[in-house]
Amino acid sequence: MNEQQALRAIELDRHFIGDDEIGLQDGMRIYKSPRMKLSHPAVIRDLFSDEIKHFIRSYTAAQVKIKYGRPYDDHLFKRYCVHNASFFVDLHKGLVDRASEIFGEKVKKSYCLLSMYRDKGVCPLHTDRIQCVYTLDYCISQGEPWDIYVDDKPYQLQEGEALAFSGTASPHYRSPIKEGNFCNLVYFHFVPERLTCSLD
Ligand SMILES: [Fe+2]
């Protein structure tokens, strides 16, 4: 465990009560939030109005145009991505109250990530870092649905729908994307309001 991971583990110990450790990842302990009981992730169909959905699609299409043909930003997941794009940061701020309702406790936003998958895109089985205690995984646009497995159960998102789940509590993955398919997603991550770790 390096120093940064040790500091995170200390933060976790300070802010998470209860004996709900679920495993080890790269030497870092992963905990369920004491109030996080999302063993059944939820599909959210009305996260944004039609007008906002349209803006999101247009913004993302422009990003794809800029990125396409370049090497992937993330070679592990084989995807293009943009971290905390100001367009999405503004939307993220507007989701905090809704996310608190969905996840059953007061949350604050951490970071958001636009992820654009093309050929060879994959999402290996993993749990997320502490900044992703709660996730809204929003499907912007796609060729055809690309299942996400959370706790080994498949969920299929249509464009404009989001999956609410805990990225730290629930292992999740996607199989390699079918050739010719594409999927543009944005992840809005939240943490309990009381958590004082870095939000980036
Ligand atoms: Fe993840």
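Just above sits the structure.
What comes next concerns the included structure. Small disclaimer: the values here were computed from a predicted structure and weren't measured.

## Concerning the overall build of the chain
A count of helical and extended segments in the chain gives 4 helices and 12 strands. Out of the 200 residues in the chain, the part that is buried amounts to 32%. Considering only residue pairs separated by 6 or more positions, the chain has 74% of its internal contacts joining residues 24 or more positions apart.

## Remarks on the environment of Val-64
Mapped onto the fold, Val-64 is located in helix 2 (residues 50–67). Val-64 gets classed as partly exposed once you count the C-beta atoms within 10 Å, which come to 17. The sequence separation of Val-64 and Met-116 amounts to 52 residues, and the corresponding C-alpha distance is 7.2 Å. Apart from residues no more than four positions distant in its own chain, Val-64 is found in contact with Met-116 and Asn-184.

## Overview of the environment of Phe-182
If you trace the backbone, Phe-182 turns up in the loop between strand 11 (172–174) and strand 12 (183–192). Along the primary structure Phe-182 and Gly-143 are separated by 39 residues, whereas in three dimensions their C-alpha atoms are 5.3 Å apart. Setting aside anything within four residues of it in sequence, one finds Phe-182 in contact with Tyr-117, Arg-118, Gln-142 and Gly-143.

## Some details on the sheet that holds strand 11
Spatially, 4 strands are ordered 6-11-8-9 in an open sheet, and the strand pairing comes out antiparallel. Either end of the sheet is taken by a strand with one partner, and the two such strands are strand 6 (123–126) and strand 9 (153–155). With strand direction ignored, the average angle separating the axes of adjacent strands in the sheet is 25°. Direction of pairing for strand 8 (residues 148–150) relative to strand 11: antiparallel, over a ladder of 2 bridges.

## Some points on the nonpolar core
Looking at soluble globular proteins, one finds that nonpolar side chains tend to be buried together. In this structure, Tyr-138, Val-186, Phe-188 and Phe-190 are the most contacted members of the largest nonpolar core, which totals 38 residues. Secondary structure elements with two or more residues in this core: strand 4 (79–83), helix 3 (86–93), helix 4 (96–103), strand 5 (107–117), strand 7 (134–142), strand 8, strand 10 (162–165) and strand 12. When residues in this core are grouped by element, the largest group, 7 residues, is from strand 12. Each residue touching Phe-188, except ones within four places of it in the same chain, is listed here: His-92, Leu-95, Cys-112, Leu-136 and Tyr-138.

## Remarks on helix 2
Helical geometry note: an α-helix holds 3.6 residues per turn, so side chains three or four residues apart project in the same direction. Over its 18 residues, helix 2 extends 26 Å from the first C-alpha to the last, a length consistent with the 26 Å expected when each residue adds 1.5 Å. Two residues or fewer after helix 2 comes Gly-69, characterised by a positive phi angle close to 95°.

## Side note on the pairing of strand 12
Within a regular beta strand, the side chains point alternately toward one face of the sheet and then the other, so they alternate between its two faces. Among the 10 residues of strand 12, 9 are classified as buried, and the element is accordingly described as predominantly covered. Two elements, strand 5 and strand 12, share 9 bridges in a ladder whose sense is antiparallel. Each residue of the ladder has a partner; that of Ser-115, found in strand 12, is Leu-185. When strand 7 meets strand 12, the two strands line up antiparallel, connected through 8 bridges. Its bridge partner lying in strand 12, Gln-142 is registered against Cys-183.

## Here's the deal with the sheet that holds strand 7
One open sheet accounts for 6 strands, arranged 3-10-7-12-5-4; its pairing is antiparallel. Edge positions in the open sheet fall to strand 3 (42–44) and strand 4, since each of these has one partner strand only. Looking at each pair of strands side by side, their axes are set apart by 25° on average, direction ignored. Strands strand 5 and strand 12 of the sheet are contacted by helix 3, whose axis makes an angle of about 140° with strand 5. Running over the sheet, helix 4 touches strand 3, strand 5, strand 7, strand 10 and strand 12 and is turned about 100° from strand 5.

## So, unusual backbone geometry
Not every positive phi belongs to a glycine, and Lys-78 is a case in point at roughly 50°. Mapped onto the secondary structure, Lys-78 falls in the loop between helix 2 and strand 4. In this structure, Asp-152 takes a positive phi of about 70° despite not being glycine. Locating Asp-152 in the fold gives a position in the loop between strand 8 and strand 9. Accessibility expressed as a C-beta count within 10 Å gives 10 for Asp-152, which makes it exposed.

The rules behind each value
- Residues numbered from 1 in each chain as written.
- Predicted model: local features only at pLDDT ≥ 70, side-chain atom pairs only at ≥ 80, totals over all residues.
- Helix = DSSP H or I, 4+ residues; strand = E, 2+ residues; numbered from the N terminus.
- Buried ≥ 20, exposed ≤ 12 C-beta atoms within 10 Å, placed from the backbone.
- Contact = placed C-beta atoms within 7 Å.
- Pairing = 2+ DSSP bridges.
- Axes fitted to C-alpha atoms, helices over the stretch in contact; angles between N-to-C directions.
- Core = buried A, V, L, I, M, F, W, Y, C linked by C-beta atoms within 7 Å.
- Expected span 1.5 Å × (residues − 1).

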